[in-house]
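For reference, the chains in residue letters:
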Amino acid sequence: MRSLFGRGARRERVVTLIGKPDCHLCEDAQGVVEKVCGELGVPWEKKDITEDAELHKEYWEQIPVVLVDGAQHTFWRVDEGRLRRALTAK
């Protein structure tokens with residue numbers, strides 16, 4: 001879909017939070033993700049490394065991990081401003 005001004009339609013973004021239960025850093029990260037995504041109208045999903053062997057193998061030392069559009073954005077601590085900038089960049 002194209003706009004009237006010839007630019008492509010805005011790309012749909014998605015944020016993925018990878019963590020595990022009973023992880024205080026994961027809870028903190030979720031709060032930031034919920035806030036930023038809620039304000040920007042960006043969908044997000046939560047994945048549990050204890051339920052996915054591949055995610056566990058890849059990320060267990062880094063959780064929580066945040067992916068933006070499938071690419072790793074950050075780990076351990078989520079900076080609200082940095083996440084917001086990543087989601088609003090063209």
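Here the structure is shown first, and the text comes after it.
All values derive from a computational prediction rather than experimental measurement. (Residues numbered from 1 in each chain as written. Predicted model: local features only at pLDDT ≥ 70, side-chain atom pairs only at ≥ 80, totals over all residues. Heavy atoms only, no water.)

K.L.:
Could you give me a rundown of the pattern of salt bridges, with the residues and numbers involved?
P.N.:
According to the stated counting rule, one finds five salt bridges in the structure shown. Ionic pairing is found between Glu80 and Lys35, a salt bridge with its closest N-O pair at 3.2 Å. Highlighted residues: Glu80 in helix H3 (residues 80-88) and Lys35 in helix H1 (residues 24-40), separated in sequence by 45 residues. The partly exposed category is assigned to Glu80, whose relative accessible area is 27%. In this structure, the salt-bridge partner of Arg84 is Glu80, at a minimum N-O distance of 3.1 Å. Remark: Glu80 and Arg84 occur in helix H3; sequence separation between them is four residues, near one turn of the helix. (Salt bridge = Lys/Arg side-chain N within 4 Å of Asp/Glu carboxyl O. Helix = DSSP H or I, 4+ residues; strand = E, 2+ residues; numbered from the N terminus. Buried < 20%, exposed > 50% of the residue type's maximum accessible area, 1.4 Å probe, protein only.)

K.L.:
Tell me about the state of the cysteines, residues and numbers included.
P.N.:
For the structure on display, the rule yields one disulfide. Between the sulfur of Cys23 and that of Cys26 lies a disulfide, 2.5 Å long from S to S. Between Cys23 and Cys26, the S-S torsion sits near 75 degrees, and that sign places the bridge as right-handed. A single burial state applies to Cys23 and to Cys26, both of which are buried. (Disulfide = S-S within 2.5 Å.)

K.L.:
Which residues make up the side chain of Arg13, and what are the values?
P.N.:
Locating Arg13 in the fold gives a position in the segment before strand S1 (15-19). Among the polar contacts made by the side chain of Arg13, one reaches the main-chain carbonyl oxygen of Ala86 at a distance of 3.2 Å. For Arg13, the contacting residues outside a window of four places in its chain are Val42, Pro43, Val68, Asp69, Ala86, Leu87 and Ala89. (Polar contact = N/O pair within 3.5 Å; in protein donor to acceptor, adjacent residues only side chain to side chain. Contact = heavy atoms within 4.5 Å.)

K.L.:
So, the sheet that holds S1: which residues are in play, and what are the values?
P.N.:
Hydrogen bonds between backbone groups are what pair the strands of a sheet, and the pairing can be parallel or antiparallel. On the basis of which strands lie adjacent, the open sheet formed by four strands has the order S2-S1-S3-S4 and mixed pairing. Only two strands of the sheet have a single neighbouring strand rather than two, namely strand S2 (44-48) and strand S4 (71-75). Ignoring strand direction, the axes of neighbouring strands in this sheet form an average angle of 25 degrees. One ladder, built from four bridges, connects strand S3 (residues 65-68) with S4; its direction is antiparallel. Bridged to Val66 within S4 is Thr74. Sheet contacts for H1: S1, S2 and S3; angle to S1, the most-contacted strand, approximately 170 degrees. With respect to the sheet, H3 is in contact with S1, S3 and S4, its orientation differing from that of S4 by roughly 165 degrees. (Pairing = 2+ DSSP bridges. Axes fitted to C-alpha atoms, helices over the stretch in contact; angles between N-to-C directions.)

Interpretation in functional terms is not warranted from these geometric data alone.
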